[in-house]
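Breakdown of the fold
Listed below, chain by chain, are the residues.
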Amino acid sequence: MPRRAGLLSTAARVNLLLLVVSAVFSWSSLSDRVPEFALTKIEESDIKDDSGKEAVAEDDADPEDLEVFYPTDQWQTLRPGHLGACRLPCDGLLSSQSSLSWEAQMGKSSNKSFLSGESLHMPQALAQQGDEQSCSRAFQAGQAVPAGSHVRLNLQTGDREVKLPDSENGKSDARKESRRKRLGKVDVDSTSFTSQELKKALAKMKESEKAERKAHEEEVRKKFRPIEQLKEEFEKLNVKMETDYEIMVKLISKFNSSASTLDEKVAALYDLEYYVHQVDNAKDFLSMGGLQLMIHGLNSTEAKLKEHAAFVLGAALSSNPKVQIEAIEGGALQKLLVILATEQPLAVKKKALFALSSMLRHFPYAQQQFLKLGGLQVLRSLFRQKGMETLHVRVVTLLYDLIMEKMLLEGSQHGDHLEEKLQQYRQVKLVPAVVEQDWCAVVSNLLAMPEHDSREKVLKMVGVLMAFCRERYRGDQALSTTLGLLRSEYEELAAEEQREGDKDGYFRELLGSVNTIIQELS
């Protein structure tokens, strides 16, 4: 009887064991039928409510309201003491050392898993033996873990635990771990920054920029003194910072004062020339009556005053139409021509020619008046006066600029504003007057000058006059001889330039001008 009882108890144990095994396999087969994880798929019964309408998903939580939990390669406790729906109905059949483990899955477009004890469902469980020591860090409901983290239910403690996934070779990624320790938990996953973390980072960047800006300002303050300090120091030295207008008023007063000496007046004119070069200062100079003073100064019996008055006048007239109009209406053109036509020192005539050039350039009305007053004859007389050789090239350069000025305007596209100016230039008969007064010979004779710069300017003028003086030049044997000598000289100089590596040098350009004139005369 005891033997039969023992056999029955053994059979009962075998049957019980078979029952347990069949229960485990039944649970495993049922779980294999559902390939999706509960974390990534919501059942249709959960999606629709009793009325048949689809319920709004509750996992669209604002990331700003969630605290991100960053696991390590060791198991960490998620929410101790609360299993919720994750407790298995057959947990009593498992060993007390067993635990449930699964990987937290999420959608492709999400970078976080949101876990809570009430919403977790575990469709598949794997009984594992684990002796890993879990951390005591608590994970509250509503927290999130990075995508791909391993999550398991520890049946011994009833806690959910999480850790980072293992690398392909089964070991933790040491490089990521070292980076996590170095940068902190914010930088473990570059795609898991919250808005609060970004705000903190931006605040640190702004603080850094402010610090750098303050450091730069301090460095500038050390190098330079503020303008207020400079003004105080100037006041102590009895030096007052004045505007250009104030300075010009003082200079004009000094020039116009009968108490000033000749040297003081000359010094005042010398300083005025510097200021009136600027267009705005020249207009102010006109408004304060300085222009008329300079025109009257051209009649002075003192050569130095006459010279510097013409110098200031030329500086104010340069590219300033308003001053040009006032000057020609004030009789400046006639006074300048008188200086050039009479016996005057070379320095005075230089400044008078400078003022005349400033008045005529880009001012067709002044050019027309210049021809009416016999200005070409006055310039032609300079070639007959002794000691005026330095003025010859300047006169040729002035005539070349005036002729080219009109030619360039006629060859440009005409707008409404240029048509009126072109009509004014058409009334200026400069080229016929030049040819009539035999400037062709006067210009060609200047090619015998030794300076290369002077030759360059004369060659340009000969090239411009070629269309009007071709027959005159063809019969000029002296011109042909001079051109031949110039070609030989510049061939040697151009060859020397080329040997030195300068293929497009200055003398090669001059040689090209000479060859062009020779070809047109042949």
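What you are looking at is a predicted structure, and each value in this text was computed from that prediction instead of being measured.

Looking only at helices and strands, the chain features 22 helices and 7 strands. Counting every position in the chain, which comprises 522 residues, the buried fraction comes to 35%. Of the roughly 31900 Å² of accessible surface on the chain, a fraction of 52% belongs to carbon and sulfur atoms.

For the rest of this paragraph, the subject is the state of the cysteines. Going through the model one piece at a time under the given rule, you end up with 1 disulfide. At a sulfur-sulfur separation of 1.7 Å, the disulfide partner of Cys440 is Cys469. In this pair, Cys440 is assigned in helix 19 (residues 439-444) and Cys469 in helix 20 (residues 452-474), connecting sequence segments 29 residues apart. Taken as a pair, Cys440 and Cys469 share a single burial class, namely buried.

Taken as a whole, this structure holds 11 salt bridges when the rule is applied. A salt bridge links Glu219 to Lys223; its shortest N-O distance comes to 3.7 Å. Residue Glu219 and its partner Lys223 are both found in helix 4 (residues 195-223); the two are separated by 4 residues, about one turn of the helix. A salt bridge links Arg470 to Glu520; the nearest nitrogen and oxygen atoms lie 3.9 Å apart. In this pair, Arg470 is assigned in helix 20 and Glu520 in helix 22 (residues 506-521), connecting sequence segments 50 residues apart. Through salt bridges that share partners, Asp438, Arg472 and Asp476 make up one connected network.

It is worth spelling out the packing of aromatic side chains at this point. Summed over all chains, the structure comprises 6 aromatic pairs. For the pair Phe363 and Tyr365, a centre-to-centre distance of 6.2 Å together with 45 degrees between the ring planes defines the contact as tilted. Since its relative accessible area comes to 43%, Tyr365 is described here as partly exposed. Summarising the aromatic geometry, the rings of Tyr490 and Phe507 are spaced 6.1 Å apart at their centres and angled 25 degrees between planes, so their arrangement reads as stacked. Here Tyr490, found in helix 21 (residues 477-499), pairs with Phe507, found in helix 22; they are 17 residues apart in sequence, far enough to count as distant. Accessibility expressed as a relative area gives 0% for Tyr490, which makes it buried. The ring of Phe311 has Lys351 lying over it, and the distance from NZ or CZ to the ring centre is 5.1 Å.

Helical periodicity: at 3.6 residues per turn, an α-helix aligns residues three or four positions apart in one direction. For helix 13 (residues 346-360), with 15 residues, the first-to-last C-alpha span of 21 Å sits near the 21 Å given by 1.5 Å per residue. In terms of residue burial, helix 13 counts as a mostly covered element, since 11 of its 15 residues are buried. Taken as a whole, helix 13 has its buried residues at Val348, Lys349, Lys351, Ala352, Leu353, Ala355, Leu356, Ser357, Ser358, Met359 and Leu360. Tucked inside the fold, the buried residues of helix 13 contact helix 10 (303-317), helix 11 (321-329), helix 12 (332-341), helix 14 (364-372), helix 15 (375-381) and helix 16 (389-411). With its phi angle positive at about 60 degrees, His362 sits one or two positions after the end of helix 13.

What tends to happen in soluble globular proteins is that the nonpolar side chains get buried as a cluster. Counting residues in hydrophobic clusters, the biggest one holds 94 residues, and the most contacted among them are Phe285, Leu356, Leu379, Trp439 and Tyr473. Other than its neighbours up to four places away in sequence, Phe285 contacts Met248, Ile252, Leu272, Val276, Gly290, Leu291, Met294, Val312 and Ala316.

In this fold, Lys349 is placed in helix 13. Despite its burial, Lys349 pairs with no opposite charge; the closest candidate is Glu343, at 8.1 Å N-O. Ignoring sequence-local partners within four residues, the contact set of Lys349 consists of Ile339, Leu340, Thr342, Gln344, Leu382, Gln385, Met388 and Leu391.

Turning our attention to the pairing of strand 7 (residues 159-163). When you tally the buried positions in strand 7, you get 5 out of 5 residues, the bulk of the element. Residues Asp159, Glu161 and Lys163 of strand 7 are buried on one face, and the alternating residues Arg160 and Val162, pointing to the opposite face, are buried as well. Here strand 1 (residues 76-77) runs beside strand 7; their pairing, made up of 2 bridges, is antiparallel. In the strand pairing of strand 7, Gln76 is matched with Val162. As paired strands, strand 6 (residues 150-154) and strand 7 are joined by 5 bridges and run antiparallel to one another.

Here we take up the pairing of strand 6. In terms of burial, strand 6 is largely enclosed, as 4 of its 5 residues are buried. The loop that links strand 6 with its antiparallel partner strand 7 comprises 4 residues; one of these, Gly158, has a positive phi angle of about 80 degrees.

Right, let's talk about the packing of helix 7 (residues 262-275) against helix 10 for a bit. Each pair of packed helices gets described by two things: the angle between the helix axes and the distance between those axes. Their axes nearest at 9 Å, the elements helix 7 and helix 10 cross at an angle of 15 degrees. Looking at the two axes, helix 7 sits roughly parallel to helix 10. For the element pair helix 7 and helix 10, the recorded crossing hand is left-handed. Side by side, helix 7 and helix 10 meet where Leu262, Lys265, Val266, Leu269, Leu272 and Glu273 of the first sit next to Lys304, Leu305, His308, Ala309, Phe311, Val312 and Ala315 of the second. Of the residues contributing to the contact of helix 7 with helix 10, the split by class is 9 nonpolar, 1 polar and 3 charged.

Together, Glu496, Glu500, Asp502 and Asp504 make up a negatively charged patch on the protein surface. Tracing the sequence through the fold places Glu496 in helix 21. Residue Glu496 is classed as partly exposed on the basis of its relative accessible area, which comes to 37%.

Calculation criteria
Residues numbered from 1 in each chain as written. Predicted model: local features only at pLDDT ≥ 70, side-chain atom pairs only at ≥ 80, totals over all residues. Heavy atoms only, no water. Helix = DSSP H or I, 4+ residues; strand = E, 2+ residues; numbered from the N terminus. Buried < 20%, exposed > 50% of the residue type's maximum accessible area, 1.4 Å probe, protein only. Areas by Shrake-Rupley, 256 points an atom, 1.4 Å probe, with all protein chains shown as cover. Disulfide = S-S within 2.5 Å. Salt bridge = Lys/Arg side-chain N within 4 Å of Asp/Glu carboxyl O. Phe/Tyr/Trp six-rings, centres within 6.5 Å; stacked < 30°, edge-to-face > 60°. Lys NZ or Arg CZ within 6 Å of the ring centre and 35° of its normal. Expected span 1.5 Å × (residues − 1). Contact = heavy atoms within 4.5 Å. Core = buried A, V, L, I, M, F, W, Y, C linked by side-chain atoms within 4.5 Å. Lys, Arg positive; Asp, Glu negative; His and termini not counted. Pairing = 2+ DSSP bridges. Axes fitted to C-alpha atoms, helices over the stretch in contact; angles between N-to-C directions. Parallel < 35°, antiparallel > 145°, perpendicular 65-115°, else oblique. Left-handed = near helix turned anticlockwise from the far one by under 90°. Nonpolar A, V, L, I, M, F, W, Y, C, P; charged D, E, K, R; others polar. Patch = residues over 30% accessible without salt bridge, like charges linked within 9 Å, V, L, I, M, F, W, Y side chains within 5 Å. Charge placed at Lys NZ, Arg CZ, Asp CG, Glu CD.

Purely spatial values, then, with no claim about function.
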